[in-house]
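# Remarks on the overall topology
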Amino acid sequence: MGERSGGGVTVSRRGFLGFTAAALAPIHQAATREAPEPGAPEPGSQAGATQAGATQPGEVQPGEVQPGVGDRTLYLGTYGDGIGIATYDDAGKITSTGTIAGIPNASFVIRSGNFLYAVNEQDAGAVTAIDISGTPRVLNRQPNKGSGPCHLAKVGDDLLSANYGSGDIAVHPIAADGSLGQQTDLVKHDGSAPHAHQVVQAGEYVLAVDLGTDTIYTYTLTDGKLAQQHQAKVKTGAGPRHLVFHPSGNYAYVADELDSTVTVCGYDDGVLTVLESIPVADGENYPGEVVISADGRFVYVTNRGHNSVAIFSTDGPHLELVGIPNCGGDWPRHCAFDPTGRLLFVANQKSNNITTFLVDQATGGLTLTSDFSTPTPVCVNV
């Protein structure tokens, strides 16, 4: 995928090297994605399947053990070909168990029962459905008519994808067998250079976070069609990337990629109201992911640049920084809790490793317990 640029500045969503937040703030709408590695297969291709002895798309690599659905299985999104499969033990030690091959640039992966859905983050964006009820197999792949899809949400019987490159949200119906139907809607965000970065369900609403327009859009979804209801603007130049809701549903915390802050918003019936903005780290830094403990007491933000995880205590409308431990790698792009909330997995893109932290659920503190090597991890689905 080629880079897009504007205003004299080009920024890569995979790199962000050599730029300062001060330089980006006035013209952050020019933020762009870096091209995948040369030779990456196009969406819908059967890369390598015609070669002698090649692994078919969706097939687990020979000699590997396939974990069953329902155990401690991780699905690892990456840039390149395939989705990694791994398991973890009580202490969070990760063991590789295979690869689902033939899925290009699966940089974000979600799971729903016996099915896995992945973006294909390329110029000609697509989404892929995979059956994981036994040996994983690709069900189908659908073009989403956008560029650089980077995030997914399952809303009812629809799969929504956020396209970073083209700045729009795509909708695909999900069939009873888990496969994806043809696109039913594609809604582009307003602005000179929108960059949709996340799409999440919030009750009867769908929220889309757009880095390029500094806006969070609220939609309703009916019969496969999105209808915009509200817009919430964060600070100009903040570059909102991802948000997470407080368990009460009354607050949301937004990781701002370009000015290294987290914005606290009140939330009521689809409407977000900005309350405060808090720095997450010193120096040149680009927050990646934001998550919250199940009890709503602690918010965690990964810091790409500072290479740390900022830990905030919260009472809902306010945040207080209580710790900022090293992430155990370079460029912590994504993180996720295990179902118990005792473990936090951090995907360090540039150092090719996933670190596991034991979570002190009383204080919110993190203790590094394990380090797992894997190529360019950018998403951990637990």
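The model shown is predicted, which means the values in this text are computed figures rather than measured ones.

Right, let's talk about the sheet that holds strand β16 (residues 240-245) for a bit. Ordered by their spatial adjacency, 4 strands build an open sheet running β16-β17-β18-β19, and the pairing between neighbours is antiparallel. Here the strands that pair on one side only, and so sit at the sheet edges, are β16 and β19 (271-279). Geometrically, the sheet is characterised by an average inter-axis angle of 25 degrees between neighbouring strands, direction not taken into account. Alignment of strand β18 (residues 261-268) against β19, held across 8 bridges, turns out to be antiparallel. In the strand pairing of β19, C265 is matched with V274.

So, about the pairing of strand β13 (residues 205-210). A large share of β13 lies buried, amounting to 6 of its 6 residues. The alternating pattern of β13 places Y205, L207 and V209 and V206, A208 and D210 on opposite faces, both of which are buried. Direction of pairing for strand β12 (residues 196-202) relative to β13: antiparallel, over a ladder of 6 bridges. When the sheet's bridge partners are listed, A196 is paired in β13 with D210. If you look at the hairpin formed by β12 and β13, you'll find 2 residues sitting between the two strands, and G203 has a positive phi there, around 65 degrees.

Moving on: the packing of aromatic side chains. For the structure on display, the rule yields 5 aromatic pairs. A ring pair is formed by Y88 and F345, whose centres lie 5.0 Å apart and whose planes are at 65 degrees; its orientation type is edge-to-face. Here Y88 is found in strand β2 (residues 81-88), whereas its partner F345 is found in strand β25 (residues 343-348), with 257 residues between them in sequence. Neither Y88 nor F345 differs from the other in exposure class; each is buried. Ring geometry for F245 and Y267: centres 4.9 Å apart, planes at 75 degrees, overall edge-to-face. You can see F245 sitting in strand β16 and its partner Y267 sitting in strand β18, a full 22 residues away along the chain. Just as F245 is buried, Y267 falls in that class too. The ring of W331 is capped by K350, whose NZ or CZ atom sits 3.8 Å from the centre of that ring.

With respect to topology, 4 strands assemble into an open sheet ordered β12-β13-β14-β15, the strand pairing being antiparallel. At either end of the open sheet lies a strand with only one pairing partner, and these are β12 and β15 (225-233). Adjacent strand axes in the sheet meet at a mean angle of 25 degrees, parallel and antiparallel pairs treated alike. Where strand β14 (residues 215-222) meets β15, 8 bridges bridge the pair, whose relative direction is antiparallel. When the sheet's bridge partners are listed, T222 is paired in β15 with K225.

Within the element layout of this structure, T355 appears in strand β26 (residues 353-359). Given the relative accessible area of 0%, T355 is considered buried. At 3.3 Å, the side chain of T355 forms a polar contact with the side chain of N348. Contact partners of T355, with chain neighbours within four places excluded, come to C327, G328, L344, F345, V346, N348, L368, S370 and D371.

Bringing the nonpolar core into the picture now. Of all hydrophobic cores here, the largest spans 16 residues; its most connected members are L207, I216, L243, F245, Y267 and L272. Elements with a minimum of two residues in this core: β12, β13, β16, β17 (251-256) and β18. Per-element tally for this core: the top contributor is β13, with 3 residues. V244, A255, V264 and V301 belong to the second largest nonpolar core, which has 15 residues in total.

Turning to the pairing of β16, a few remarks are in order. Counting buried positions along β16 gives 6 out of 6 residues, so the element sits mostly inside the fold. Note that β16 and β17 share 5 bridges and pair antiparallel. Its bridge partner lying in β17, L243 is registered against V254. Connecting β16 to the antiparallel partner β17 that follows it, the hairpin turn spans 5 residues, and G249 within it adopts a positive phi of roughly 80 degrees.

All right, on to the pattern of salt bridges then. All told, the structure shown has 6 salt bridges when counted by the stated rule. The partner of K235 in a salt bridge is D259, and the shortest N-O contact between them spans 3.1 Å. Of the two residues, K235 is situated in the loop between β15 and β16 and D259 in the loop between β17 and β18; the sequence distance between them amounts to 24 residues. On the accessibility criterion, K235 (52% relative accessible area) is exposed. Residue D259 is classed as buried on the basis of its relative accessible area of 18%. Because the salt bridges share partners, they merge into one network encompassing R241, E257 and R304.

The next thing to look at is the confidence of the model for the protein. Averaged over all residues, the pLDDT of the protein equals 86, while 82% of them reach at least 70. In this model, residues 1-70 is a region of pLDDT below 50 whose contacts with residues beyond four sequence positions or in other chains number 177 contacts.

The next subject is the environment of E320. Along the polypeptide, E320 turns up in strand β23 (residues 319-323). Residue E320 is classed as exposed on the basis of its relative accessible area, which comes to 51%. Placed 22 residues apart in sequence, E320 and F298 show a C-alpha to C-alpha distance of 9.3 Å. Leave out the neighbours within four places in its chain, and E320 touches I311, F312 and S313.

Conventions used here
- Residues numbered from 1 in each chain as written.
- Predicted model: local features only at pLDDT ≥ 70, side-chain atom pairs only at ≥ 80, totals over all residues.
- Heavy atoms only, no water.
- Pairing = 2+ DSSP bridges.
- Helix = DSSP H or I, 4+ residues; strand = E, 2+ residues; numbered from the N terminus.
- Axes fitted to C-alpha atoms, helices over the stretch in contact; angles between N-to-C directions.
- Buried < 20%, exposed > 50% of the residue type's maximum accessible area, 1.4 Å probe, protein only.
- Phe/Tyr/Trp six-rings, centres within 6.5 Å; stacked < 30°, edge-to-face > 60°.
- Lys NZ or Arg CZ within 6 Å of the ring centre and 35° of its normal.
- Polar contact = N/O pair within 3.5 Å; in protein donor to acceptor, adjacent residues only side chain to side chain.
- Contact = heavy atoms within 4.5 Å.
- Core = buried A, V, L, I, M, F, W, Y, C linked by side-chain atoms within 4.5 Å.
- Salt bridge = Lys/Arg side-chain N within 4 Å of Asp/Glu carboxyl O.
- pLDDT = per-residue confidence, 0-100.

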